[in-house]
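# Observations on the model geometry
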Amino acid sequence: MSRVAVLKGGNSLERQVSLRSGARVEDALERLGHDVMPIDVGTDLVDRLKADPPDAAFVALHGRDGEDGTVQELLEILGIPYTGSGILACIRSMDKVLTKHLLLDAGIPTPEFFAFNETAFRELGAAEALPAIEERLDFPIVVKPAGQGSALGIKFASSAEHVPAALVAAFSYDSKVVLERHVKGRDLAVSIIEGDGEVAALPIVEAVPREEDFYDFEARYEIGRTEFICPADLPETVAARAESLAVGAYRLLGCYGFGRVDLMLEEATGELFVLEVNSVPGLTETSLLPQAAEAAGISFDALVGRIVELSFERAGTPAA
Amino acid sequence: MAQGRSTSRDLERYAGLFAARTRVMKSSAMRDLMAVTARPEVISLAGGLPDTSTFPPDTFAAVTARIAAESCAKALQYGPTEGLLETRQCIQEVVAAEGIRLDADDLIVTTGGQQVIDLVTKALIDPGDVVVAEAPTYPGAVPVFSSYQASVVQIDVDSDGMRIDLLEETLDRLDAEGRRPKFIYTVPSFQNPSGVTMSLARRRRLVEVAHERELLVLEDNPYGLLRYEGEAQPTLRELDGGVYVLYLGTFSKILSPGIRLGWVAAPAPVLEKINLGKQAADLCTSTLSQLMVQAYFEQGHWRDYVDSLREIYRVRRDTMLDALAEFFPSEAGWTRPAGGLFIWVTLPDFIDTTDLLARALRDNVAFVPGEAAYLDGRGRSSMRLNFSASDEHAIREGIRRIGKVVREQVALYGTLTGKREPLQQAQREVAPPDAPLEEPEGGRVVQLPQRMRRHDRTGES
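Residues numbered from 1 in each chain as written. Chains lettered and ligands numbered in written order. Predicted model: local features only at pLDDT ≥ 70, side-chain atom pairs only at ≥ 80, totals over all residues.

### Things to note about the sheet that holds strand S5 (residues 141-145) of chain A
Residue and element names in this part refer to chain A.
- One open sheet holds the four strands; their spatial order is S4-S7-S5-S6, and the pairing between them is antiparallel. Strands with a single pairing partner mark the edges of an open sheet, and in this sheet they are strand S4 (113-117) and strand S6 (155-157). This sheet shows a mean twist of 25° between the axes of neighbouring strands, independent of strand direction.
- Inspection of the sheet shows S5 paired to S6 by three bridges, in the antiparallel sense. Along S6, the bridge assignment pairs Val143 with Lys155. (Pairing = 2+ DSSP bridges. Helix = DSSP H or I, 4+ residues; strand = E, 2+ residues; numbered from the N terminus. Axes fitted to C-alpha atoms, helices over the stretch in contact; angles between N-to-C directions.)

Next up, the structure:
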């Protein structure tokens, strides 16, 4: 039995989701016989961890601070083993621009894109380049903040006149935004869990929105509004390629323990594209990774147990 | 290993058990954002909260001591579904101050005004039935209507309140479609969220329309006594005499929302159904709360407290209006409420106020995005600001921070479009703060948003 701190909540816009992930993880850890120390992350985080150091920290934070390497940095300094990816992988995966450049360099397909920070528009006249971008990407264009983990701030510009407002919206979340070619097709998620020295892809989940014609923030975390099909009904070759691309992206970014890679299967071409890599995917009742694990016969408790074991393995400390 | 508490299987299991009505009971991105507004460092202009710190603790102590001494057992006991007679007598006193004469039998004491909206909807609405509401409407009414699977039709509001001409057009159209609305929901005075007040002419016409078409009107009047200037308007209930108007009142804004006490006055047959509905919902309203109101009213100072609130809130409203004029860009427009708790601001339509809230939260300030007040995706460029719950310093600072972010976005949009086009959507409040008001009930009101939902929200990531 170990004493495990569950870091959750915090100040990110995904606070609510994180609280739900955290609560579920706590239940699982208790069932596994661990001594659980729930922490809603705030200004007293370091004090609390120093005053009563846990054997490990389960990072159940999503979005800013939790998923971008900040909390991981603190845990490294404090010498506390923690779950999931390390600092560098978090930085790489939280920044969609960095992720996409790395994917391109490695030959992993990702939708064509352009990225700008606010100063490019404010100071370098980037607005003049918009028509050329619009021509290259074709409409509709997806406009999204570079560093927002959820679907918040993601807009779908159907014509040139909608691009500026979409940019203004995306800049509400981050000083850097991505304009990306819209890939029309099927929405796939490949969850990944490590074990026995292997990086294994779990059965693919396809998200099919039930009512709306877009996959929005609301639908994403709600029971009954999006239908999840797991394993996704895909030809074997397509599934195998999606898995290999996902594992490739996961390895490329240097992720550890577990993660989730989101892809699109383009309807017109049958091509697969990696959209992003999540270093701390959601663990709520409706989250994709736990569903995928379940489909592979790994219970939520077993999943949580393995993620904690891996944190000890990396730290080189035996699980207590 | 413990038996797997499975996800997808659970998901399916529960999904199959949920009632159809839960499909429209949605949590939203906005609600998740609102969770972050509770941080202590955030100046929240988002709530609809009265300032309960103004209530004298001595009075509270005296009230509770008296209950303990004189009616302890009663306070701890169940009570009648319609409420204690003593409490209904206090309510008679409050509504009399609004010009309404009611018998104690005309009333049911409820668990806050919110329960009235729920009970009335429960009593009147079958799935698919039409409720007519204002556009924008009270955000808290939206989930109630949704949970009974009402089909909500919203009628635009301008500086004189709900557009009765549009209401009549809409009723004709619904009639032609064979759809008969069951009731019209309105907050005629200092409306939540827009702050505007329905003119006397429109009040009269609305009551006539209700009589002509035999439709019920649910008049929600939580703020009527919180008027900061101008003459009080008669309530719809007074004009109608209690035939088609159901009247909702509450102690929340004149005493305390924490005691959860509201009331409904309605024609006897409707009241009877509401009573049965309430029995099913919670048997009775808290006896303790009801006795607190009674003990408080017996001290005889409730009007003085309302007067003190009026003075505090008037100053806060003026502070917010001044700050808006100082810190918001010329592209923004807002209402000038003569009472109540809220100002409604409309920004250029390229600004989405839900996204703006995410940005504003980084500067530790919050408001309610306008989309919460519509069921049809409109309102995305508007916001509701509350001036009752923060002191003047916080109001000014909060408005300064929001203004800064709005200006940034306006400037960015100008840069992106290569021009700063004058936006016809936006007019600015032009009356200087000390100018005499031509329209005491609403001031000049910018158009409330007309834009339909754009299919520009997606994320396949």
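### A closer look at the domain arrangement of chain A
Residue and element names in this part refer to chain A.
- The domain architecture assigned to chain A consists of domain 1 (3-84), domain 2 (92-109 + 183-309) and domain 3 (113-181).
- Using only C-alpha atoms to locate each centre, domain 1 and domain 2 end up separated by 23 Å.
- Taken residue by residue, the interface counts 21 residues in domain 1 and 16 residues in domain 2.
- If you list the elements that add at least two residues to the side of domain 1 that touches domain 2, you get helix H1 (15-31) and strand S3 (56-59).
- Sort the elements by how many residues they give to the side of domain 1 that touches domain 2 and H1 lands first, with eight residues. (Domains from an automatic or database assignment. Contact = placed C-beta atoms within 7 Å.)

### Observations regarding the sheet that holds strand S7 (residues 216-220) of chain B
All names here are of chain B.
- Taken in spatial order, the eight strands line up as S2-S9-S8-S7-S6-S3-S4-S5 in an open sheet, and their pairing is mixed. Edge strands, defined here as strands with exactly one partner in the open sheet, are strand S2 (107-110) and strand S5 (161-162).
- In terms of strand pairing, strand S4 (residues 151-158) meets S5 through two bridges, oriented antiparallel. Note on S5: the bridge partner recorded for Val157 is Met162.
- Across the face of the sheet, helix H8 (residues 164-176) comes into contact with strand S3 (130-135), S4 and S5 while running at roughly 155° to S4.

### Topic: the domain arrangement of chain B
Residues and elements named next belong to chain B.
- Entries for chain B in the domain assignment read domain 1 (25-53 + 305-417) and domain 2 (77-299).
- A straight line from the C-alpha centre of domain 1 to that of domain 2 covers 26 Å.
- Residue-level contacts link 29 residues of domain 1 with 31 residues of domain 2.
- Put simply, the parts of the chain that give the side of domain 1 that touches domain 2 at least two residues each are helix H13 (302-327) and strand S11 (342-346).
- Among the elements that make up the side of domain 1 that touches domain 2, the one with the highest residue count is H13 (six residues).
- Of the residues in the side of domain 1 that touches domain 2, the class split is 16 nonpolar, seven polar and six charged. (Nonpolar A, V, L, I, M, F, W, Y, C, P; charged D, E, K, R; others polar.)

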